[in-house]
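Architecture and fold: a report
Below, each chain spelled out in residue letters.
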Amino acid sequence: QKEVEQDPGPLSVPEGAIVSLNCTYSNSAFQYFMWYRQYSRKGPELLMYTYSSGNKEDGRFTAQVDKSSKYISLFIRDSQPSDSATYLCAMIISGYSTLTFGKGTMLLVSP
Amino acid sequence: NAGVTQTPKFQVLKTGQSMTLQCAQDMNHNSMYWYRQDPGMGLRLIYYSASEGTTDKGEVPNGYNVSRLNKREFSLRLESAAPSQTSVYFCASTTGDSNYGYTFGSGTRLTVV
């Protein structure tokens, strides 16, 4: 079993829909959780960052962490065609040097 | 504000040729990383340098070498390229604190024929 599992998609939604992207993980030592967005033929860019359990909101994006279930989510409200990208979850243990990435979920938002 | 700069952006090599991928960051970051990204495989860590003067193997180091030239620069060398090394290569950097995310470069698309 991989440490971080993420459905590769593609996930296709109409413009304006609420999108839910998810990752599960197996190592309870992970403490910091991130979401990266990667447009086609570009490098990943940090989108959201959370520590421990709870929610964090930034505009149309909400990151949620449930450490008891080892489950993290990214919600996108009022999705736009410009949100079409691959979304990668990532997490790290405090004091470690390397992130552990999910394989990414491709999101397609149609006008 | 350049961030992480990778050169070249594209490269085609013949099997057995060597080349060096260059990476430089201007954010005074301590840690630097090299990843490869292949369809269905996600990002896989090749090598990393937690701080200037140190390098460590990642998940897929075979066939690669690295040099942390100074705090700004971290190069990746393919000594004898193989078709299996056809991939998109990303360099990334971070402060070194685990509670900060990585900043990625725009990638090098390498094809080995």
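**Details of the overall build of chain A**
Within chain A, the secondary structure is distributed over zero helices and eleven strands. Going from the N terminus to the C terminus, chain A shows its helices and strands as β-β-β-β-β-β-β-β-β-β-β. Over its C-alpha trace chain A gives a radius of gyration of 13 Å, about what one expects of a compact globule, namely 13 Å for 111 residues. With respect to the three principal axes, the spread of C-alpha positions in chain A is 40 × 30 × 25 Å. Looking at chain A as a whole, 41% of its 111 residues are labelled buried. Partitioning the intrachain contacts of chain A with sequence separation of at least 6 by distance along the chain shows that 54% fall at a separation of at least 24. Carbon together with sulfur atoms contributes 48% to the accessible area of chain A, which is approximately 5,400 Å² in total. Charge-centre separation for chain A: the mean point of 10 positive side chains lies 6 Å from the mean point of 10 negative side chains.

**Some details on the overall build of chain B**
Along the backbone of chain B there are zero helices and eleven strands. Relative to the globule expectation of 13 Å for 113 residues, the C-alpha radius of gyration of chain B, 13 Å, shows essentially globular dimensions. The principal-axis extent of the C-alpha atoms belonging to chain B is close to 40 × 30 × 25 Å. Considering chain B as a whole, with its 113 residues, one finds that 48% of them fall into the buried category. Within chain B, counting contacts between residues at least 6 apart in sequence, those at least 24 apart form 55% of the total. A total accessible area of about 5,100 Å² is found for chain B, and carbon and sulfur atoms account for 47% of it. Distance between charge centres in chain B, computed from 10 positive and 8 negative side chains, equals 8 Å.

**Some words on the sheet that holds strand 1 (residues 4–5) of chain A**
All names here are of chain A. Ordered in space as 1-3-8-7-6, the five strands form an open sheet in which the pairing is antiparallel. Two strands in the sheet have a free side with no partner beyond their single neighbour: strand 1 and strand 6 (54–58). Pairing analysis gives six bridges linking strand 3 (residues 19–25) to strand 8 (residues 71–76), with the strands arranged antiparallel. Directly across from Val 19, in strand 8, lies its bridge partner Ile 76.

**Details of the sheet that holds strand 8 (residues 74–78) of chain B**
Consider a sheet: its strands pair through backbone hydrogen bonds, and that pairing is either parallel or antiparallel. Residue and element names in this part refer to chain B. The antiparallel open sheet is built from four strands, whose spatial order is 1-3-8-7. This sheet does not close on itself; its edge strands, each paired only once, are strand 1 (4–7) and strand 7 (64–68). Strand after strand, the sheet turns through a mean of 15 degrees between neighbouring axes, direction not considered. In terms of strand pairing, strand 7 meets strand 8 through five bridges, oriented antiparallel. If you follow Tyr 64 over to strand 8, its bridge partner there is Leu 78.

**Focus: the state of the cysteines**
Residues and elements named next belong to chain B. Scanning the model with the defined rule gives two disulfides over all chains in all. Here Cys 23 engages in a disulfide with Cys 91; their sulfurs sit 1.9 Å apart. Linking Cys 23 and Cys 91, the disulfide has an S-S dihedral of approximately -75 degrees and is accordingly described as left-handed. One end of the pair, Cys 23, is in strand 3 (residues 19–25); the other, Cys 91, is in strand 9 (residues 87–94), with 68 residues separating them in the sequence. Comparing Cys 23 with Cys 91 shows no difference in burial state: the two are buried.

Conventions we followed
Residues numbered from 1 in each chain as written. Chains lettered and ligands numbered in written order. Predicted model: local features only at pLDDT ≥ 70, side-chain atom pairs only at ≥ 80, totals over all residues. Heavy atoms only, no water. Helix = DSSP H or I, 4+ residues; strand = E, 2+ residues; numbered from the N terminus. Rg over C-alpha atoms; globule rule 2.2 N^0.38 Å. Buried < 20%, exposed > 50% of the residue type's maximum accessible area, 1.4 Å probe, protein only. Contact = heavy atoms within 4.5 Å. Areas by Shrake-Rupley, 256 points an atom, 1.4 Å probe, with all protein chains shown as cover. Lys, Arg positive; Asp, Glu negative; His and termini not counted. Charge placed at Lys NZ, Arg CZ, Asp CG, Glu CD. Pairing = 2+ DSSP bridges. Axes fitted to C-alpha atoms, helices over the stretch in contact; angles between N-to-C directions. Disulfide = S-S within 2.5 Å.

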